[in-house]
Amino acid sequence: MPTRILPAVGDADAVRSVTTLLSQLPDAEPVTPVVDSTQLIDTLARLAAESVDELPEVVIVHERIGPVPALELIREVALRFPAAGVILITSDASPGLFQAAMDYGARGLVALPLSYEELASRVQAVAQWSAGVRRHLGAGGDVFTGVGGTVVTVSGAKGGTGATLTAIQLALAAQASGRSTALVDMDLQTGDIASYLDVQFRRSVVDLAAITDISPRVLADAVFRHDTGLALLLAPAEGERGEDVTDRAARQIVSALRSRYEVVVIDCGAQLGGAGAAAVEMADRALLITTPDVVAVRGAKRAVRMWDRLQIRKAEETTVVVNRHSRATEIQPPLIQKITGTAVASTVVPANFKELQSVVDAGRVHELESKSSVKQALWGLAGELGLVKAAEGGQKGGRFRGGDRGSVSFRRRREG
């Protein structure tokens, strides 16, 4: 059986060198190279969604791949797609880098300039390892896809558009449907999830920032278990400490959460820092919350363009959610979609702050009444995004098992 090899190489000259050598390897089946980290993860995720057997046996990562650093990319591939063995190609073949690559999940290292014998040897060894892993797991393909939980980021087009409320209700809907769910406050300077849920907890996301290997026990110590069942990872009480959470730390934290929870919802706020940018880049779904007014929609357009310039996320990979929607407003979802160039969620959230005021002021938004039109819309949005577990019997829009039945509404917004 041929060995499928997926090269992730950003440099054009390096691509030619790698693909030429790979084509000469016996029983090798090189796959079309990917040019950056985002394309690699997207390609592997698409193949894994079809079947674990569709994943390539070997993934080759060049040291100059971007925008995610090579070692961080290897860690994410190893966590999300452990049936694929990763080889790092690097000009630094020192014992220190070799040990670091192994710690991050690589199965081999090949030094530059490439030699046929070394590359053939490493590919053969990693392919055999990958085949052994797949035989050992047998038909348990769900193990692979389950390792990578669904990560959803929620960002505001500007302050006050409702990103935090949206993130909380999406997480509550996922948890109520029976999925283990983590809610993360990555709005590091002005995060309010603790206030919205009436929580006082001394640990925060900052406590994980300096840890290079986040074990389940370390993660459990930093997480607060809310009465609703949500696992909360909060922003620091002292906003200036948020600077300790670098983009690298954020990647490690998100990867650790993804490997231990079925759904991870991250509130990124309206200000983009390194940590928030890393979270948005790693997310399976990136939501941008706007209200139907000129200033907010301009903010959404500005955010989308910035994400694209910084190679964080493309416009077509972003979903805009319209909050405080009213049929009386001139700016409707189709116009917002045209202006931003993004997808727009079919579910819109109605303008009805009167329903929210008492629970927001009391810091008990998790006690929002089931009949609330805002709650029904946000839980319906969770259904549209695929964050909830379908009820037994296969009905997609029915009731959550063991959840808040009165809050379940997967209705699409009416046309008009």
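Conventions adopted
Residues numbered from 1 in each chain as written. Predicted model: local features only at pLDDT ≥ 70, side-chain atom pairs only at ≥ 80, totals over all residues. Heavy atoms only, no water. Helix = DSSP H or I, 4+ residues; strand = E, 2+ residues; numbered from the N terminus. Rg over C-alpha atoms; globule rule 2.2 N^0.38 Å. Buried < 20%, exposed > 50% of the residue type's maximum accessible area, 1.4 Å probe, protein only. Contact = heavy atoms within 4.5 Å. Areas by Shrake-Rupley, 256 points an atom, 1.4 Å probe, with all protein chains shown as cover. Lys, Arg positive; Asp, Glu negative; His and termini not counted. Charge placed at Lys NZ, Arg CZ, Asp CG, Glu CD. Axes fitted to C-alpha atoms, helices over the stretch in contact; angles between N-to-C directions. Left-handed = near helix turned anticlockwise from the far one by under 90°. Nonpolar A, V, L, I, M, F, W, Y, C, P; charged D, E, K, R; others polar. Domains from an automatic or database assignment. Buried area = accessible area lost by both parts, 1.4 Å probe. Salt bridge = Lys/Arg side-chain N within 4 Å of Asp/Glu carboxyl O. Polar contact = N/O pair within 3.5 Å; in protein donor to acceptor, adjacent residues only side chain to side chain. Phe/Tyr/Trp six-rings, centres within 6.5 Å; stacked < 30°, edge-to-face > 60°. UniProt positions renumbered as here; feature names shortened; annotations may be inferred. Pairing = 2+ DSSP bridges.

The chain goes by Septum formation initiator in an unreviewed UniProt entry, where it is assigned to Streptomyces variegatus.

I'm lost on the overall build of the chain in this one. Help?
Secondary structure assignment for the chain yields 15 helices and 13 strands. Relative to its length of 416 residues, the chain is compact, with a C-alpha radius of gyration of 22 Å against a globular reference of 22 Å. Across its three principal directions, the C-alpha atoms of the chain cover 70 × 45 × 45 Å. The 416 residues of the chain split such that 51% are buried. Looking at the chain alone, contacts between residues at least 24 apart form 75% of all its contacts between residues at least 6 apart. Carbon together with sulfur atoms contributes 48% to the accessible area of the chain, which is approximately 18,800 Å² in total. Computed over 45 positive and 48 negative side-chain charges, the separation of the two mean positions in the chain equals 6 Å.

Is there a simple way to explain the environment of Ile89 in this structure?
Mapped onto the secondary structure, Ile89 falls in strand β4 (residues 85–90). Remark: the alpha-carbon pair of Ile89 and Ala101, spanning 12 residues in sequence, is separated by 10 Å. Ignoring sequence-local partners within four residues, the contact set of Ile89 consists of Val18, Ile60, Val61, His62, Glu63, Val110, Leu112 and Leu114.

Explain the environment of Glu316 to me, please; I cannot follow it from the model alone.
Relative to the elements of secondary structure, Glu316 occurs in the loop between α12 (294–309) and β12 (318–322). When the C-alpha atoms of Glu316 and Lys354 are compared, they prove to be 34 Å apart, with 38 residues separating the residues in sequence.

What is the right way to look at the packing of α12 against helix α13 (residues 333–340) in this model?
Packed helices, taken two at a time, are described by the angle their axes make and the gap between the axes. Where α12 meets α13, the closest approach of the two axes is 9 Å, and the angle between their N-to-C directions is 35 degrees. In terms of crossing hand, the pair formed by α12 and α13 is right-handed. Contacts from Val297, Ala300, Lys301 and Val304 in α12 reach Ile336, Ile339 and Thr340 in α13. For the contact of α12 with α13, the residue count by class is five nonpolar, one polar and one charged.

Mind showing me how you'd approach the domain arrangement of the chain here?
A common measure of how large an interface is: the accessible area buried when the components associate. For the chain, the assigned domains read domain 1 (3–138) and domain 2 (150–385). Taking only C-alpha atoms into account, the centre of domain 1 sits 33 Å from that of domain 2. Listed as interface residues are 12 residues of domain 1 and, on the opposing side, 12 residues of domain 2. In terms of surface lost to domain 2, no three residues of domain 1 exceed Glu72, Arg75 and Arg80, which account for 39% of the buried area on that side. In this assembly, domain 1 and domain 2 are joined by three salt bridges. With its nearest N and O atoms 2.9 Å apart, the salt bridge here joins Arg248 to Glu72. Counting across the interface, domain 1 meets domain 2 through three residue pairs in polar contact (both at pLDDT 80 or more). Sorting the residues of the side of domain 1 that touches domain 2 by element identifies α2 (37–50) and α3 (70–80) as the ones contributing at least two each.

Would you explain the packing of aromatic side chains in this entry?
The description of an aromatic ring pair rests on the distance of the ring centres and on the angle between the ring planes. A full pass over the atoms with the stated rule returns one aromatic pair. When the centroid spacing of 5.2 Å and the interplanar angle of 55 degrees are considered together, the rings of Phe201 and Phe224 count as tilted. Taken together, the residues Phe201 in the loop between α8 (193–196) and α9 (216–222) and Phe224 in strand β8 (residues 224–225) connect sequence positions 23 residues apart. Take Phe224: its relative accessible area is 22%, and that puts it in the partly exposed class.

Would you mind showing me how to read the pattern of salt bridges here?
One side chain can pair with another of opposite charge once the charged atoms of both are near each other. All chains considered together, the criterion is met by 13 salt bridges. Between Asp284 and Arg258 there is a salt bridge whose closest N-O contact spans 3.0 Å. Placement of Asp284 in the loop between α11 (274–282) and β11 (285–290) and of Arg258 in helix α10 (residues 247–258) is noted, with a sequence separation of 26 residues between them. When its relative accessible area of 30% is taken as the criterion, Asp284 is described as partly exposed. For Lys371, the salt bridge goes to Glu369, with nearest N and O atoms at 3.7 Å.

Help me understand the UniProt feature "domain: Response regulatory" (unreviewed entry) in the chain, please; the structure alone is not making it clear to me.
Within the UniProt annotation, "domain: Response regulatory" (unreviewed entry) is assigned to residues 4–127. Counting secondary structure, residues 4–127 comes out at 48% helix and 19% strand; the distance between its end C-alpha atoms is 9 Å.

I tried to follow the sheet that holds strand β13 (residues 343–344) on my own but got confused; where do I start?
Sheet strands line up and pair through hydrogen bonds in the backbone, either parallel or antiparallel. Strand order in the open sheet formed by eight strands is β8-β9-β7-β10-β6-β11-β12-β13, and the pairing between neighbours is mixed. The sheet terminates laterally at β8 and β13, the two strands that pair on one side only. Pairing of strand β6 (residues 150–156) with β11 involves five bridges; the strand directions are parallel. What sits directly across from Thr153, in β11, is Ala286.

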